[in-house]
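Given next are the chains, with one letter for each unit.
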Amino acid sequence: MKTFDKHIQELLEANPEAALEHAKVFAELPLATQLAIMRRRRNLSQRDLAKKLKVLQPHVARTESLNHDPRISSIVKAAKAVHCHVILVPDEEIERIAI
């Protein structure tokens, strides 16, 4: 984990209110943006992810683009490739899982 990410994690663990706000803001981002963030946190380039998915790099770029509406199956496959899950969280549960 990068030093900055480690620092952010420590801050969020120490401040539950900040962790909740972070979770809410992240949840409001488009799935494509969330995927791009998680790919970068895993130190993967679009080309690296494309190799894992057995697609060309432009497919990953399109999937992450805000100008494109990717199929949910593309998002789910990419999420699995970066060791994440796509889930729906009811608004009333966001506080419970953010901490």
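Quick caveat: nothing in here was measured; it's all calculated off a predicted structure.

Conventions and cut-offs
- Residues numbered from 1 in each chain as written.
- Predicted model: local features only at pLDDT ≥ 70, side-chain atom pairs only at ≥ 80, totals over all residues.
- Heavy atoms only, no water.
- Axes fitted to C-alpha atoms, helices over the stretch in contact; angles between N-to-C directions.
- Helix = DSSP H or I, 4+ residues; strand = E, 2+ residues; numbered from the N terminus.
- Parallel < 35°, antiparallel > 145°, perpendicular 65-115°, else oblique.
- Contact = heavy atoms within 4.5 Å.
- Nonpolar A, V, L, I, M, F, W, Y, C, P; charged D, E, K, R; others polar.
- 1 Å grid on protein atoms, 1.4 Å probe; cavity = no way out; pocket = protein on both sides within 12 Å on 5 of 7 lines; lining within 4 Å.
- Points joined across faces, edges and corners; volume = space filled by probe spheres on them.
- Salt bridge = Lys/Arg side-chain N within 4 Å of Asp/Glu carboxyl O.
- Buried < 20%, exposed > 50% of the residue type's maximum accessible area, 1.4 Å probe, protein only.
- Core = buried A, V, L, I, M, F, W, Y, C linked by side-chain atoms within 4.5 Å.

**So, the packing of helix α4 (residues 46–53) against helix α5 (residues 57–64)**
Next, step 1: Look at α4 against α5: their axes get within 8 Å of each other, and the N-to-C directions meet at 110 degrees. Classified by the angle their axes make, α4 and α5 are roughly perpendicular. Where α4 approaches α5, its residues Gln46, Arg47, Leu49, Ala50 and Leu53 are matched on the opposing element by Gln57, Val60, Ala61 and Glu64.
Next, step 2: Taken together, the residues of the contact of α4 with α5 sort by class into 5 nonpolar, 2 polar and 2 charged.

**Quick notes on the layout of surface pockets**
Next, step 1: Computed from the structure, the largest pocket encloses a volume of approximately 1400 Å³.
Next, step 2: Around the largest pocket sit 38 residues that line it, and Ala23, Phe26, Ala27, Gln34 and Met38 are the ones nearest its centre.
Next, step 3: Among the secondary structure elements, those contributing two or more residues to the lining of the largest pocket are α1 (3–14), α2 (16–28), α3 (31–41), α6 (72–81) and α7 (94–98).
Next, step 4: Taken together, the residues of the lining of the largest pocket break down into 25 nonpolar, 5 polar and 8 charged.

**What to know about the pattern of salt bridges**
Next, step 1: Scanning the entire structure with this criterion turns up 1 salt bridge.
Next, step 2: The shortest N-O distance in the salt bridge between Arg39 and Glu64 comes to 2.6 Å. A residue pair is termed long-range when its members are at least 10 positions apart, and Arg39 in helix α3 and Glu64 in helix α5 qualify at 25 residues. Each member of the pair, Arg39 together with Glu64, is buried.

**A few points about the nonpolar core**
Next, step 1: Counting 12 residues, the largest nonpolar core consists of Leu35, Met38, Leu44, Leu49, Ala50, Val60, Ile75, Ala78, Ala79, Ala81, Val82 and Cys84.
Next, step 2: For this core, the leading source of residues is α6, giving 4 residues.
Next, step 3: Those residues in contact with Leu35 that lie beyond four places of it in its chain are Thr63, Glu64, Ile75, Ala78, Ala79 and Val82.

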